[in-house]
Amino acid sequence: DMRSVFNNYKKSLDFRRTSTDWSEDQKCEWILKMLHFSVRRAEKETDYYQNLFQEIGFDASADFSFEDYAKLPVLEREDIQKAGEGLISKVVPHENLQKDATGGSTGTPTEIWLGAEELGWKESGLEYTFDLVGVPRDSKMAFFWGHHLDPQASDSLRDRLKGFLTNTRWFDCFRLSPEVFQKYHEEFEEWSPDCIVAYSSSLGHFAEYLKEKGIRPNNYPQKCFVTGAEKLFPEHRKVIEEVFGKPVHERYGGRDFGLLGIQTNPRENLEYTIDWAWALVEPETDEENSPILVTKLHADGMPMLRYRVGDIGKFPATSRSGHPSFVLQEVIGRELDRIWLPDGRFVSGIKLPHLLKDFPVKEYMLIQSENYDIELQVVSKNDFDSKDESKISQILSANFEGLSVIIKRVESIPRTKANKWRPVITKVIR
């Protein structure tokens, strides 16, 4: 029902804009009220939560607190896959639900079902996020992205007309080469977009190409970049800002839980402003770096309470489990992106870019086998030599005590099913 989607979109956009200056107490009061509604709806409309609450003795009709809410079990991806239709609303007609799914880069894709309320809130969240970084709706938008499943198949008359009406153009970020980079540079210069929304690694490689060629863009982007899909590594941020001289706003979200936040002022700090009206974002533990849990507050098609998104985040010191956090200081990386040591300790995958930043390496992937051995695949630059290879091997051996380390030069690094770059993959089962 597109009319219902539009009504929710308009209502939610108005709410976001009018509540911008609310105090944290006002926000918490509203979130708790929405949480009561969401939990009660989940119990009433799904078999999964009705059975779960009965099993653990949770009274959804009570005026529970954030502390009480923190006692609910975490929802895992495996729970969603196992529950199947038990997590889908019995009230919303199936023909009014829209299916979405994760890219399946870490295993089986997770299917998510969205109703009109969630679709409207999700769409307005995208628009409101651009408002926050100074890119209003009528701005020229270049999407350096993947368009649907096959970017090559998107150049229909309908797509071109829609792009003309919405002032947007799509640039495939999956099939890249020096010739493509040069072509995009010339098109960007001529069209002069206000904002470029880009896959993080693709934009980083584009900036590296321009720097190597000594090209200084004059007409794009007029305002800023917005990156997503993958984590933006510091080395790529540095070269993007050096080449373009424009702010780079990294946003954080996922196909299964939507857009959660964006860096609103990256030149001052890199913390994410959370879209608190969309979701309750909380740390699972009281540790500074904790797994991120998300509760969608408008999931009319498929309730998701305390969903473990699979990422580790750095939360403010005052953050508590069950309570909403309004900023996320950093997204450390995927929970699975860890290099394990035989004694049970691990090294976060986010350390790898720091270890390799001083070497002429274009891209890399660290693969840890079931027996803990490490193979580092590198796409090297022209001045990479055997001394670099030997030095990298020494550094990795020192950081990953007792593990066998092999360096392998390759022509390219494979992407995941969702066409994302995963720098660290471990096959160790813990």
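Everything discussed here concerns the structure shown above.
Model, not experiment: these values are computed from the prediction.

A. The arrangement of the overall build of the chain in detail. Looking only at helices and strands, the chain features twelve helices and 20 strands. For the chain, whose C-alpha radius of gyration is 23 Å, the value lies close to the compact-globule estimate of 22 Å for 430 residues. In the chain, the share of contacts with a sequence separation of at least 24, taken over all contacts with a separation of at least 6, comes to 66%. Accessible surface, the chain: about 21200 Å² in total, of which carbon and sulfur atoms supply 49%. Side chains of the chain give 57 positive and 70 negative charges; the mean places of these two sets differ by 3 Å.

B. Here's a closer look at the sheet that holds strand S18 (residues 374-380). Read across the open sheet, the four strands follow the order S19-S18-S17-S20; overall the sheet is mixed. The strands lining the two open edges of the sheet, one partner per strand, are strand S19 (405-409) and strand S20 (424-426). Each neighbouring strand pair of the sheet contributes to a mean axis angle of 20 degrees, computed without reference to strand direction. Bridging between S18 and S19 involves five bridges; their strand directions are parallel. In the sheet register, Ile 374 faces S19, and the bridge partner there is Val 405. The strands touched by helix H12 (residues 386-399) within the sheet are strand S17 (361-368), S18 and S19, with S19 carrying the most contacts at an inclination of about 145 degrees.

C. Structural view of the sheet that holds strand S12 (residues 307-314). Taken together, four strands build an open sheet; the order of strands is S10-S11-S12-S14 and the sheet is antiparallel. In this open sheet, the two edge strands, each paired with only one partner strand, are strand S10 (279-283) and strand S14 (330-334). The average angle at which neighbouring strand axes cross in this sheet is 40 degrees, direction not considered. Here strand S11 (residues 289-296) runs beside S12; their pairing, made up of five bridges, is antiparallel. In the strand pairing of S12, Val 294 is matched with Tyr 307.

D. The arrangement of the nonpolar core in detail. Trp 30, Val 39, Phe 53 and Tyr 252 are the most contacted members of the largest nonpolar core, which totals 51 residues. It is helix H2 (residues 24-45) that provides the largest number of residues to this core, a total of six residues. Other than its neighbours up to four places away in sequence, Tyr 252 contacts Phe 257, Leu 259, Leu 260, Gly 261, Tyr 272, Ile 292, Val 309, Asp 311, Leu 328 and Val 331. Core analysis: the second largest hydrophobic core is formed by 36 residues, Phe 143, Val 197, Leu 210 and Leu 232 among them.

E. Inspection of helix H9 (residues 200-213) at higher detail. Here H9 spans 20 Å end to end across 14 residues, near enough to the 20 Å set by a 1.5 Å rise per residue. Of all 14 residues in H9, eleven are buried, a share of seventy percent or more. Turning to H9, its buried residues are Ser 200, Ser 201, Ser 202, Leu 203, Gly 204, His 205, Phe 206, Ala 207, Glu 208, Tyr 209 and Leu 210. Elements in contact with the buried residues of H9: strand S3 (141-145), helix H8 (178-191), strand S5 (195-199), strand S6 (224-228), helix H10 (234-244) and S17.

F. Representation of the environment of Arg 306 within the structure. Tracing the backbone through its elements, the reader meets Arg 306 in the loop between S11 and S12. When its relative accessible area of 3% is taken as the criterion, Arg 306 is described as buried. Sequence separation between Arg 306 and Met 2 is 304 residues, and the spatial gap between their C-alpha atoms is 29 Å. Leave out the neighbours within four places in its chain, and Arg 306 touches Tyr 69, Ala 70, Leu 72, Pro 73, Val 74, Leu 75, Glu 282, Leu 293, Val 294, Thr 295, Ser 321 and Gly 322. One polar contact links the side chain of Arg 306 to the main-chain carbonyl oxygen of Leu 72, over a distance of 2.6 Å.

G. Representation of H12. Its 14 residues place the ends of H12 20 Å apart at the C-alpha level, agreeing with the 20 Å of an ideal helix rising 1.5 Å per residue. For H12, the full list of buried residues reads Asp 388, Ile 392, Leu 396 and Asn 399. Axial view of H12: buried residues confined to an arc of 65 degrees, hence all on one face. Projecting away from the buried face of H12 at angles above 90 degrees are the exposed residues Ser 386, Lys 387 and Ala 398. Buried residues in H12 make contact with strand S16 (346-348), helix H11 (351-356), S17, S18 and S19. Put simply, Asp 385 is the residue that caps the front of H12, since its side-chain oxygen is 3.1 Å from the backbone nitrogen of Lys 387.

H. Geometry of the packing of H8 against H9. Contact pair H8 / H9: the axes reach a minimum separation of 10 Å and the direction vectors enclose 90 degrees. In terms of axis orientation, H8 runs roughly perpendicular to H9. Residues Pro 178, Phe 181, Gln 182, His 185 and Phe 188 of H8 pack against Ser 202, His 205, Phe 206, Tyr 209 and Leu 210 of H9. A per-class count over the contact of H8 with H9 returns six nonpolar, four polar and no charged.

I. Structural view of the side chain of Glu 189. Along the polypeptide, Glu 189 turns up in helix H8. Buried and unpaired, Glu 189 has Lys 246 as its nearest opposite-charge partner, separated by 11 Å. Side-chain polar atoms of Glu 189 contact the backbone nitrogen of Asn 218, separated by 3.0 Å. Filtering out sequence-adjacent residues up to four positions away, Glu 189 remains in contact with Pro 217, Asn 218, Asn 219 and Tyr 220.

J. Looking closely at the packing of aromatic side chains. Taken as a whole and judged by the stated rule, the model has 30 aromatic pairs. The interplanar angle of 45 degrees and the centroid separation of 5.6 Å between the aromatic rings of Tyr 49 and Phe 53 together place this pair among those described as tilted. With Tyr 49 and Phe 53 both in helix H3 (residues 47-56), this residue pair falls four residues apart, about one helical turn. An identical accessibility class is assigned to Tyr 49 and Phe 53; each is buried. The ring centre of Phe 326 lies 5.3 Å from the NZ or CZ of Lys 27, which sits over that ring.

Reading the values: the criteria
Residues numbered from 1 in each chain as written. Predicted model: local features only at pLDDT ≥ 70, side-chain atom pairs only at ≥ 80, totals over all residues. Heavy atoms only, no water. Helix = DSSP H or I, 4+ residues; strand = E, 2+ residues; numbered from the N terminus. Rg over C-alpha atoms; globule rule 2.2 N^0.38 Å. Contact = heavy atoms within 4.5 Å. Areas by Shrake-Rupley, 256 points an atom, 1.4 Å probe, with all protein chains shown as cover. Lys, Arg positive; Asp, Glu negative; His and termini not counted. Charge placed at Lys NZ, Arg CZ, Asp CG, Glu CD. Pairing = 2+ DSSP bridges. Axes fitted to C-alpha atoms, helices over the stretch in contact; angles between N-to-C directions. Core = buried A, V, L, I, M, F, W, Y, C linked by side-chain atoms within 4.5 Å. Buried < 20%, exposed > 50% of the residue type's maximum accessible area, 1.4 Å probe, protein only. Expected span 1.5 Å × (residues − 1). Polar contact = N/O pair within 3.5 Å; in protein donor to acceptor, adjacent residues only side chain to side chain. Arc of directions from axis to C-beta. Parallel < 35°, antiparallel > 145°, perpendicular 65-115°, else oblique. Nonpolar A, V, L, I, M, F, W, Y, C, P; charged D, E, K, R; others polar. Salt bridge = Lys/Arg side-chain N within 4 Å of Asp/Glu carboxyl O. Phe/Tyr/Trp six-rings, centres within 6.5 Å; stacked < 30°, edge-to-face > 60°. Lys NZ or Arg CZ within 6 Å of the ring centre and 35° of its normal.

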